[in-house]
Amino acid sequence: MATVNLEVSGGVGTIRLDRPPMNALNTSIQDLLREVAEEAGRREDVRSVILYGGEKVFAAGADIKEMREMDHAAMVGRSRALQESFTAVARIPKPVVAAVTGYALGGGCELALCADFRIAGDNARLGQPEILLGLIPGAGGTQRLARLIGPSRAKDLIFTGRQVTAQEALSIGLVDRVVPAAEVYEQAHAWAAKLAQGPALALRAAKESVDVGLGTDLETGLAVERNWFAGLFATEDRERGMRSFVEDGPGKANFR
């Protein structure tokens with residue numbers, strides 16, 4: 001049965017796509033993805049999140065057979081829900097890492113773009129091939145990809161529909177680390193577990209400040225940062241972190 005699961009252990013929540021063989025993102029999976037992302041955002045026992053498609057493939061894109069049956073009117077109604085499911089992932093107020101193995105194409109690449117950090121296996125291939133169907137990316141690819149790697153490189157991938165290897169993805173900033181395919185989840189979990197021990201509200205503040213700032217002017221972004229910075233002085237974690245720094249030195253605080 002095709003599904004999206006949230007598995008939680010040690011403060012790390014793994015959002016696992018499970019629709020063999022290629023994790024094609026049909027409407028059912030999209031809706032489940034939104035529900036699970038919102039759950040991960042709400043749960044206090046989830047301090048960081050991994051996006052994972054399994055050992056062989058992250059997500060090979062949308063379900064083309066399903067999309068082929070949809071006309072203009074149907075897609076007008078569906079396109080907002082499609083974007084909102086991915087936006088729900090991008091708005092998880094906690095650190096999110098994508099653990100990418102195998103194909104991350106179309107919607108799969110767009111889902112990886114919703115993470116804060118991307119670890120790819122050496123077997124990964126990423127791209128936005130929608131142009132080869134006479135379409136453009138519709139789940140945020142034209143916007144998030146350009147913001148991540150710059151407009152020229154984004155247009156290259158979107159205009160041609162070509163796939164890039166893990167190493168090229170690393171060289172253009174599409175992924176942040178390349179590791180042996182068998183180590184992808186382990187490496188992603190180590191990154192997520194480390195951040196799960198950090199100050200949750202400060203991490204949320206940092207993520208929101210960066211993300212909101214990227215979508216607005218400098219003055220507004222600075223105001224968001226300023227408000228969060230001052231607000232964190234009301235938290236127990238701020239007191240705990242400063243006390244630990246003074247008494248024990250940097251990097252030794254235990255946050256709650």
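In this text the structure is predicted, and so the values were computed from the model without any measurement. (Residues numbered from 1 in each chain as written. Predicted model: local features only at pLDDT ≥ 70, side-chain atom pairs only at ≥ 80, totals over all residues. Heavy atoms only, no water.)

## Details of the side chain of glutamine 30
Of note, glutamine 30 is situated in helix α1 (residues 27–42). When its relative accessible area of 7% is taken as the criterion, glutamine 30 is described as buried. With residues near it in sequence (within four places) discarded, glutamine 30 still touches Leu25, Arg78, Leu82 and Ser85. (Helix = DSSP H or I, 4+ residues; strand = E, 2+ residues; numbered from the N terminus. Buried < 20%, exposed > 50% of the residue type's maximum accessible area, 1.4 Å probe, protein only. Contact = heavy atoms within 4.5 Å.)

## Some points on the nonpolar core
By size, the foremost hydrophobic cluster in this structure holds 46 residues, and its most contacted members are Ile15, Leu51, Phe58, Leu126 and Leu174. Beyond its immediate sequence surroundings of up to four residues, leucine 174 is in contact with Cys109, Leu113, Arg118, Leu126, Leu145, Leu148, Ile149, Leu157, Val164 and Ala169. If you look at the next biggest cluster of nonpolar residues, it comprises 13 residues, including Val12, Ile50, Val97 and Ala99. (Core = buried A, V, L, I, M, F, W, Y, C linked by side-chain atoms within 4.5 Å.)

## Regarding the pattern of salt bridges
Under the definition given, this model contains 12 salt bridges. With a closest N to O distance of 3.0 Å, glutamate 39 and arginine 43 form a salt bridge. Classification of glutamate 39 as partly exposed rests on a relative accessible area of 27%. By relative accessible area, which is 27% here, arginine 43 ends up partly exposed. (Salt bridge = Lys/Arg side-chain N within 4 Å of Asp/Glu carboxyl O.)

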